[in-house]
Amino acid sequence: MAAIQKIVHIDADCFFAALEIRQNPRLQGKPLAVGGDPEHRGVISTCSYEARRFGVHSAMAAKRAKQLCPGLIILKPNMPLYREASAQIMSILAEYSESIEPLSLDEAYLQVQHDSLCRGSGTLTAQHIQRRVHREVGIRVSAGVAPIKFLAKIASDWNKPNGLFVVVPEQVEPFTASLPVNRLPGVGPVTAGRLHRCGLYHCADIRHFGLARMVAHFGSFGTQMFERAWGRDERTVNVERTRKSLSVERTYSVDKQIHELAASVPALMTDLQGRYHNIGDQYRIQKVFVKLKFDDFRQTTLETALPVSRAWPAIDSYQRLLVTAWHRIKRPVRLVGIGLRLGEESHGARQPIQLPLFSL
Ligand code: TTP
Ligand code: MG
C-alpha cells in the first residue's frame, strides 16, 4: 500500500482586495472590489467579504455589482503589487517543503515532508505559514490539510477567511460521504442541477447510485465524480506542473443560435483575461481555440495559431472560429468556450514552461 500523503493547500483570502486594504487601511471594513469600470462592461475580479454579503462575487459584471451594493468601492487592478505579494508568499512556502505546486498567484499545494520544518506535521505547517504570511505579507491565508489532494483544497475553503481545517485519514470516509455534490471539483451549478435531478445531493448518494449509472448519465466525468465520492484521488503534488492551456466556458440557460454567438465573446474574453493575469501572464499565447456543445450534447473544438505579432487575441479571431466550428454541426448551442494554448515563457530563453515558484 502506498504511504499516506500529507498535503496542505493554501489560498489567500480575497487576495487582490486584501492587498489593496493593506495599502490603504482606511478601506478596512468597507465593501470593496477590484475590477473593471461599471460603465465599460468591466468585470469584478474579487471583492472583500463585506461586499460578498451583498451578493457581489468574482466574474460578476461591475455594473450588476454596483446595483447590488451601491456603496461598493471598485479599484482598478494593480498586478505588479499582487505579483510581488505572491512571490513573497511562495518563498515562505518554499521554506516548508521542496514539493510545491502553485495553482495561481494566491494558491498552492505543499507536500509535507518528514524532515522539513514542523517535522512532518501538516497542521503545524499550516499554522506556521498562516502566521508568517500575516506577519510578513500583511494579509490572511486559509489552509486545508488532508491526505488527499482534492480534499486539501476543499478543506482550505471550509472555514474561510483565516480558516484552518484538517481532514485526518480516519475522517476521509465519513467526511466525503456527507460532502454536498457541488463541493466536488469541476461540479458547477449546471452539473449540480443534473446531479440533483438524479436525486444525488451528497457523495453518499453518488456511492449508492453506482459507477455504471454515473457513467451512463455523466460519461467519463461520472467516473471521476464516483472516485472522488469515495475519497479517492491518486494525484500527488506536481512540482513540474506545466500549464498548456487556459479556457473559460459558459453554459446558457437558453440555447443560442448562430447569430448570437459573436455577442457572447466579449464577456468570455474578459474572464479569460482575468485568469491569464491570475496565472502571472508569463506564458506566450500560441493558439486560440473555441469549444461548442450543441443541444444534442455533441461537441466540437477548433483552434488556430495566433499571429506572432499579437500579444492578445482580437475579439473577431474568436468570433470567426466560432462560426466555422458551428458549421460542423449546425444546431442550437448550449455551451460556448474560448481558450488559449500556451507556449514557453514570453521573456527569456527557450526552456520548458513551468509555473515558476518565485516569479509568478
Ligand atoms: P481566488 O482565490 O479564487 O479568490 P480570492 O482570493 O479573491 O477570494 P477567496 O477568499 O474566496 O479565496 O482568486 C485569487 C485572485 O485571483 C483574486 O483575488 C482575484 C483573481 N481572480 C480574478 O481576477 N478573476 C476571477 O474570476 C477569480 C475567481 C479570481
Ligand atoms: Mg483566494
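Bear in mind the structure is a predicted one, so any value in this text is a computation, not a measurement.

Draft legend 1. Local environment of the coordination of the magnesium ion (ligand 2). Every protein donor of the magnesium ion (ligand 2) is listed here as Asp11 (OD), Ala12 (O) and Asp106 (OD), and their distances to the metal cover 2.0 to 2.3 Å. Between the six donor atoms coordinating the magnesium ion (ligand 2), the angles at the centre fall across 80 to 178 degrees, so the site counts as octahedral. Counting the intervening residues between successive donors of the magnesium ion (ligand 2) yields the motif D-A-x93-D. An identical accessibility class is assigned to Asp11 and Ala12; each is buried.

Draft legend 2. Seen up close, the side chain of Arg334. By the secondary structure assignment, Arg334 is in strand β12 (residues 333-345). The side chain of Arg334 sits in the buried core without any salt bridge; Asp255 is the nearest counter-charge, 5.2 Å away. Among residues more than four places away in sequence, those in contact with Arg334 are Val190, Arg250, Thr251, Tyr252, Asp255, Lys293, Phe294, Asp295 and Phe297.

Draft legend 3. A look at the nonpolar core. Ranked by internal contacts, the top residues of the largest apolar core, which has 36 residues, are Ile10, Phe15, Tyr82, Leu93, Leu110, Val133 and Ile139. Listed by contribution, the elements that provide at least two residues to this core are β1 (7-12), α1 (15-23), β2 (32-35), α4 (79-94), β6 (107-111), α5 (122-137) and β7 (141-146). Looking at this core, the element that brings in the most residues is α4, giving eight residues. Among residues more than four places away in sequence, those in contact with Phe15 are Tyr82, Ala85, Ser86, Ile89, Leu105, Asp106 and Ile139. Formed by 30 residues, the second largest nonpolar core is a distinct cluster that contains Leu261, Val288, Leu321 and Val333.

Draft legend 4. Just the sheet that holds β6, in detail. On the basis of which strands lie adjacent, the open sheet formed by five strands has the order β5-β6-β1-β7-β8 and mixed pairing. A single partner strand is all that each edge strand has here, and the edge strands are β5 (100-104) and β8 (164-166). When the angles between neighbouring strand axes are averaged without regard to direction, this sheet yields 15 degrees. Alignment of β1 against β7, held across six bridges, turns out to be antiparallel.

Draft legend 5. Just the confidence of the model for the protein, in detail. When pLDDT is averaged across the protein, the result is 89; 92% of the residues are at 70 or more. Note on residues 346-360: pLDDT is under 50 here. Beyond four places in sequence and across chains, it has 42 contacts.

Draft legend 6. Geometry of the packing of aromatic side chains. In this structure the tally under the stated criterion is six aromatic pairs. When the centroid spacing of 5.6 Å and the interplanar angle of 35 degrees are considered together, the rings of Trp158 and Phe165 count as tilted. Relative accessible area serves as the criterion here: at 29%, Trp158 is assigned to the partly exposed category. Joined through ring pairs, the aromatic side chains of Phe15, Phe16 and Tyr82 make up one cluster. One Lys or Arg, Lys149, reaches over the ring of Tyr109 and ends 4.9 Å from the middle of that ring. The residue whose ring lies beneath Arg341 is Phe289, and the NZ or CZ to ring-centre distance is 3.9 Å.

Draft legend 7. Quick peek at the packing of helix α11 (residues 265-278) against helix α12 (residues 315-326). Relative orientation of the contacting elements α11 and α12 amounts to 120 degrees, with a least axis distance of 10 Å. Judged by the angle between their axes, α11 and α12 are oblique. Crossing angle aside, the handedness with which α11 passes α12 is right-handed. Residues Val265, Pro266, Met269 and Leu272 of α11 form the contact with α12, whose own contacting residues are Ile315, Tyr318, Gln319 and Leu322. The class makeup of the residues in the contact of α11 with α12 is seven nonpolar, one polar and no charged.

The rules we used
Residues numbered from 1 in each chain as written. Chains lettered and ligands numbered in written order. Predicted model: local features only at pLDDT ≥ 70, side-chain atom pairs only at ≥ 80, totals over all residues. Heavy atoms only, no water. Donors = N, O, S within 2.8 Å, 3.2 Å for Na, K, Ca; no water. Tetrahedral: all angles 85-135°; square planar, octahedral: opposite > 155°, others 65-115°. Buried < 20%, exposed > 50% of the residue type's maximum accessible area, 1.4 Å probe, protein only. Helix = DSSP H or I, 4+ residues; strand = E, 2+ residues; numbered from the N terminus. Lys, Arg positive; Asp, Glu negative; His and termini not counted. Salt bridge = Lys/Arg side-chain N within 4 Å of Asp/Glu carboxyl O. Contact = heavy atoms within 4.5 Å. Core = buried A, V, L, I, M, F, W, Y, C linked by side-chain atoms within 4.5 Å. Pairing = 2+ DSSP bridges. Axes fitted to C-alpha atoms, helices over the stretch in contact; angles between N-to-C directions. pLDDT = per-residue confidence, 0-100. Phe/Tyr/Trp six-rings, centres within 6.5 Å; stacked < 30°, edge-to-face > 60°. Lys NZ or Arg CZ within 6 Å of the ring centre and 35° of its normal. Parallel < 35°, antiparallel > 145°, perpendicular 65-115°, else oblique. Left-handed = near helix turned anticlockwise from the far one by under 90°. Nonpolar A, V, L, I, M, F, W, Y, C, P; charged D, E, K, R; others polar.

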